[in-house]
Amino acid sequence: MHPRLPLIPAFIALLAATTGTSFAKVDWQKQVWPFIERSCVECHKAPYEEGGKMKEPKAELRFDGAWAIMAGGENGPVLTPGDPDKSEMYFRVTLPEDDADFMPTKGEVLTEDEKEILKLWIAEGADFGDWEGSLEGKPDKPEAKPGERKVFVPPPGVYDILAEKIEPAPQDAIDAVANTGARVDSLQKTNPLLRVDFFNVRDETDDTTIATLAGIKNNLAQLNLSEAAISDAGLENLAGMPNLVHLDLRNTKITDAGLTHLKDLPNLRYLNLYGTGISDAGLANIQNLKNLEAIYLWKTKVTEKGAKNLESKLPNATVSFR
């Protein structure tokens, strides 16, 4: 048997067909996992505490377990077994390094050989073999506790449907948001929907800052304002955004008054209110958002009775409360 070389899948298929040579499939644990662990896992692993704060995986995407890779992240699946071209896991590492969507954002960049090995592994069906990796947080495991955080992934096709209705955002409007220090990314390479993350400039992000979102309001699908210095009044900038699916307001000073601006977000599916000042009274503002699927109410003023009442109003949503 010939030793494995970093050959592209098409060439290997041709070689096998013309010579009858049999090649062993790529071994995930021996050939792929070492560079994934080196370059990707630092930013994409199970939540952990550091300096008294919980560190969450970027984009809710984890690469430290087979189940987590298959689950994808807040942008949806990143791996399509058998099709590297439809796998964000491969696409992102092949972009130019100055592209906003290039991965990894820190750590060692994949070599050309490693990119080809990853491409071939996906083309061959993305077989993890016996490797499971970290099982922490895996849904439906027997020891899971009520209210345990799970990765939120919207139903397949949600973003594609929303994207059909809109044009790309004007570049000057995108630049206006990016100039605040926020990270602005396209959800997918052919998708006009955007994700905006203010976390790296959270201390400087205030109501004036997020007012810049007005120029991309039709394109904004995911917004991270966690720990930002925003007020209830600032959330008026989000009112009526037609395609906002994912909103993270963790550890902000938002109260019930701020939730009044969220009651007309028709496509909102994920809302994280962890560590905010909301109470049972404020939940009335979101109880008619019938597309909501995941709501986080930990460390708020919401009572168990209030959480259960919200569950009754939104039977298709997971209300995480403790």
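Located above this text is the structure these notes cover.
Each value, and the rule that gives it
- Residues numbered from 1 in each chain as written.
- Predicted model: local features only at pLDDT ≥ 70, side-chain atom pairs only at ≥ 80, totals over all residues.
- Heavy atoms only, no water.
- Phe/Tyr/Trp six-rings, centres within 6.5 Å; stacked < 30°, edge-to-face > 60°.
- Helix = DSSP H or I, 4+ residues; strand = E, 2+ residues; numbered from the N terminus.
- Buried < 20%, exposed > 50% of the residue type's maximum accessible area, 1.4 Å probe, protein only.
- Lys NZ or Arg CZ within 6 Å of the ring centre and 35° of its normal.
- Contact = heavy atoms within 4.5 Å.
- Salt bridge = Lys/Arg side-chain N within 4 Å of Asp/Glu carboxyl O.
- Arc of directions from axis to C-beta.
- Polar contact = N/O pair within 3.5 Å; in protein donor to acceptor, adjacent residues only side chain to side chain.

**Q** Looking at this structure, how should I read the packing of aromatic side chains?
**A** Any two aromatic rings considered together are summarised by their centre-to-centre distance and by the angle between their planes. Applying the stated criterion across every chain, the model contains 10 aromatic pairs. Judged by centre distance (4.7 Å) and plane angle (40°), the rings of Trp28 and Trp121 are tilted. Of this pair, Trp28 sits in helix H2 (residues 28-39) while Trp121 sits in helix H5 (residues 112-123), and the two are 93 residues apart along the sequence. Comparing Trp28 with Trp121 shows no difference in burial state: the two are buried. Here a set of aromatic residues connected by ring pairs shows up, and it is made of Trp28, Trp33, Trp121, Phe128 and Trp131. Its end group placed over the ring of Tyr48, Lys45 keeps NZ or CZ at 4.7 Å from the ring centre. Seen from the ring of Phe199, Arg202 lies directly overhead, with NZ or CZ sitting 4.0 Å from the centre.

**Q** When you look at the side chain of Asn285 in this model, what are you seeing that I'm missing?
**A** With respect to the helices and strands, Asn285 occurs in the loop between strand S7 (270-272) and strand S8 (294-296). Take Asn285: its relative accessible area is 16%, and that puts it in the buried class. If near-sequence neighbours (up to four positions away) are discounted, Asn285 is found in contact with Asp256, Leu259, Thr260 and Lys263.

**Q** Even after reading the chapter, I still don't get the pattern of salt bridges, so can you show me in this structure?
**A** Close approach of charged atoms lets side chains of opposite charge pair. Tallied over the full model, the rule gives 13 salt bridges. One salt bridge connects Glu114 with Arg38, and the closest N-O pair in it is separated by 2.9 Å. A residue pair is termed long-range when its members are at least 10 positions apart, and Glu114 in helix H5 and Arg38 in helix H2 qualify at 76 residues. On the basis of relative accessible area, Arg38 is assigned to the partly exposed category, the value being 31%. For Asp64, the salt bridge is made with Arg62, and the minimal N-O distance between the two is 2.9 Å. As far as the burial class goes, Asp64 and Arg62 line up, both buried.

**Q** When you look at helix H7 (residues 171-178) in this model, what are you seeing that I'm missing?
**A** Structurally, the α-helix is built with 3.6 residues per turn, so residues lying three or four positions apart point the same way. Buried within H7 are the following residues: Ala173, Ile174 and Val177. With its buried residues spanning 100° around the axis, H7 presents them on a single face. Set apart from the buried face of H7 by more than 90 degrees, the exposed residues are Gln171 and Asp172. In the core, the buried residues of H7 are packed alongside strand S3 (183-186) and strand S4 (194-197).

**Q** Explain H2 to me, please; I cannot follow it from the model alone.
**A** Three or more residues of H2 are buried, namely Trp28, Val32, Trp33, Phe35, Ile36 and Ser39. Contact partners of the buried residues in H2: helix H3 (66-71), helix H4 (88-91) and H5. In this structure Asp27 caps H2, since a side-chain oxygen of it lies 3.0 Å from the backbone nitrogen of Gln29.

**Q** Mind showing me how you'd approach the environment of Asn267 here?
**A** The residue Asn267 is located in the loop between helix H9 (256-259) and S7 in this model. Once the C-alpha coordinates of Asn267 and Val158 are considered, the two residues, 109 residues apart in sequence, prove to be 9.3 Å apart. Residues in contact with Asn267, not counting those within four places in the same chain, are Leu162, Pro242, Asn243, Leu244, Val245 and Asn291. In this structure the side chain of Asn267 is engaged in a polar contact, spanning 2.7 Å, whose partner is the backbone oxygen of Pro242.

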